[in-house]
Amino acid sequence: MILMKDVIKRYKEVIALDHFSFSAGENEIIGLLGPNGCGKTTAINCMLSILKFDKGEIEIFGEKVDPNNNDIKQRIGVVPQEIAIFNNLNVVENISFFCGLYVKDSKTRKKLVDEAIEFVGLEKYRKFSPRQLSGGMKRRLNIACGIAHKPDLLFLDEPTVAVDAQSRNFILEGVKKMKDNGTTVVYTTHYLEEAEDLCDRLVIMDNGRNIAQGTLNELQRSISTQESITVSFLDDEDLRKKLKSLPNVVNVEKSGEIYTIQFEKHQNNLPNLIKFIEENQLTYTQISSEKPSLSNIFLELTGKELRD
Ligand SMILES: Nc1ncnc2c1ncn2[C@@H]1O[C@H](COP(=O)(O)OP(=O)(O)OP(=O)(O)O)[C@@H](O)[C@H]1O
């Protein structure tokens with residue numbers, strides 16, 4: 001679906017994309033993740049040929065991107081980060097306008113608009129002006145405008161920023177439904193848990209570069225911090241120093257009586273810890289082991305936190 005090779009994009013002295021490569025296959029949700037300013041929107045705008053790039057190659061549906069290729073444009077949907085709707089048009093009229101850029105037949109368009117409204121759950125608000133909608137509903141309208149023409153490839157740029165929980169669920173369930181209906185989705189977000197839950201594959205960006213890609217499992221296996229064990233101790237003693245001296249421990253954090261211990265790749269971290277607890281006659285109420293989160297992966301790869 002998308003093949004982007006060694007793309008360089010400069011804004012004067014700023015290198016926004018630095019030999020950036022990216023691919024997306026058919027019928028997958030691919031997450032594009034990274035901190036503010038790492039180049040996500042620039043990458044998407046280059047794929048959409050909204051922006052010219054300095055070097056590299058981009059193909060979509062097997063063809064070189066070109067702002068004049070309308071056949072490609074018809075098969076793509078875009079939901080930009082900034083809400084792009086007309087305040088002087090109501091919900092139906094907004095969706096119909098954007099759908100009308102690709103679908104000229106009015107009967108077909110009406111059916112597609114109705115389906116898009118149902119898809120984002122705005123049936124009760126058909127005649128509402130955007131001014132009368134909440135922030136989350138505006139986002140849902142923004143999405144309806146981008147998907148009404150049933151694209152094969154959809155770009156969603158941070159669609160859940162500043163939305164209420166109900167709209168967020170609508171959006172996430174909607175993205176999963178799009179995939180079930182055969183659409184490939186490129187999804188950018190700062191919310192790492194959302195990406196873990198939603199995306200089939202992830203690309204992590206930093207400073208305009210693709211620094212890691214793969215499924216969550218592949219990314220988890222690629223880093224050295226492999227396991228995080230959380231224990232709730234009842235003992236008063238500060239155990240950080242002792243825990244740090246256990247084999248394979250990378251880091252120990254304490255919050256009240258709860259300790260989070262990061263281990264390197266190893267088979268026996270949990271048995272070793274339980275042995276330590278028994279030998280030191282410690283009392284614990286809960287113990288659980290987790291694989292590294294995307295947040296841990298990002299931290300190890302970049303040395304920086306990517307805060308939700
Ligand atoms: N029109 C522009 N002129 C100059 N610099 C720009 C322009 N657009 C983006 N940049 C710079 O290019 C870099 C990449 O920006 P971009 O918006 O692509 O990042 P992003 O990952 O989408 O950020 P965010 O998560 O905040 O949306 C940043 O350093 C940004 O300041």
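Everything numeric here is computed off the predicted structure, so don't read it as measured data. (Residues numbered from 1 in each chain as written. Predicted model: local features only at pLDDT ≥ 70, side-chain atom pairs only at ≥ 80, totals over all residues.)

Below, the discussion takes up the overall build of the protein chain. Each helix and strand in the protein chain was counted, giving 11 helices and 14 strands. Here the C-alpha coordinates of the protein chain stretch approximately 75 × 45 × 35 Å along the principal axes. Looking at the 308 residues of the protein chain, the share that counts as buried comes to 37%. At a minimum sequence separation of 6, the contacts of the protein chain that also span at least 24 residues come to 68%. (Helix = DSSP H or I, 4+ residues; strand = E, 2+ residues; numbered from the N terminus. Buried ≥ 20, exposed ≤ 12 C-beta atoms within 10 Å, placed from the backbone. Contact = placed C-beta atoms within 7 Å.)

Another point: the packing of helix α3 (residues 91–100) against helix α4 (residues 106–120). Axis separation between α3 and α4 bottoms out at 9 Å; the angle between their running directions is 125 degrees. By the criterion of interaxial angle, the relationship of α3 to α4 is oblique. As α3 runs across α4, the sense of the crossing is right-handed. The residues of α4 that touch α3, namely those facing Val 91, Val 92, Ile 95, Ser 96, Cys 99 and Gly 100, are Arg 109, Leu 112, Val 113, Ala 116 and Ile 117. Residue composition of the contact of α3 with α4, by class: 8 nonpolar, 2 polar and 1 charged. (Axes fitted to C-alpha atoms, helices over the stretch in contact; angles between N-to-C directions. Parallel < 35°, antiparallel > 145°, perpendicular 65-115°, else oblique. Left-handed = near helix turned anticlockwise from the far one by under 90°. Nonpolar A, V, L, I, M, F, W, Y, C, P; charged D, E, K, R; others polar.)

Now for the site of the ligand. As a structural note, the neighbourhood of the ligand is formed by Tyr 11, Val 14, Ala 16, Gly 34, Asn 36, Gly 37, Cys 38, Gly 39, Lys 40, Thr 41, Thr 42 and Gln 81. For the shell around the ligand, the elements supplying multiple residues, two or more each, are β2 (14–24) and α1 (40–47). Ranked by residues supplied to the shell around the ligand, first place goes to α1 with 3 residues. Residues of the shell around the ligand, tallied by class, amount to 4 nonpolar, 7 polar and 1 charged. (Near = placed C-beta within 6 Å.)

Reading across the sheet, the 4 strands line up as β12-β13-β11-β14 and stay open at both edges, with antiparallel pairing between neighbours. The sheet is open, and its two edges are formed by β12 (249–255) and β14 (284–290), each paired on a single side. Neighbour to neighbour, the strand axes of the sheet diverge by 15 degrees on average, direction disregarded. Of the strand pairs in this sheet, strand β11 (residues 225–233) and β14 are connected by 6 bridges, and their pairing is antiparallel. Its bridge partner lying in β14, Phe 233 is registered against Tyr 284. On top of the sheet, helix α10 (residues 269–279) reaches β11, β13 (258–264) and β14; it is set at about 30 degrees to β11, its chief contact. (Pairing = 2+ DSSP bridges.)

Take it as geometry only, folks, not as evidence of what the structure does.
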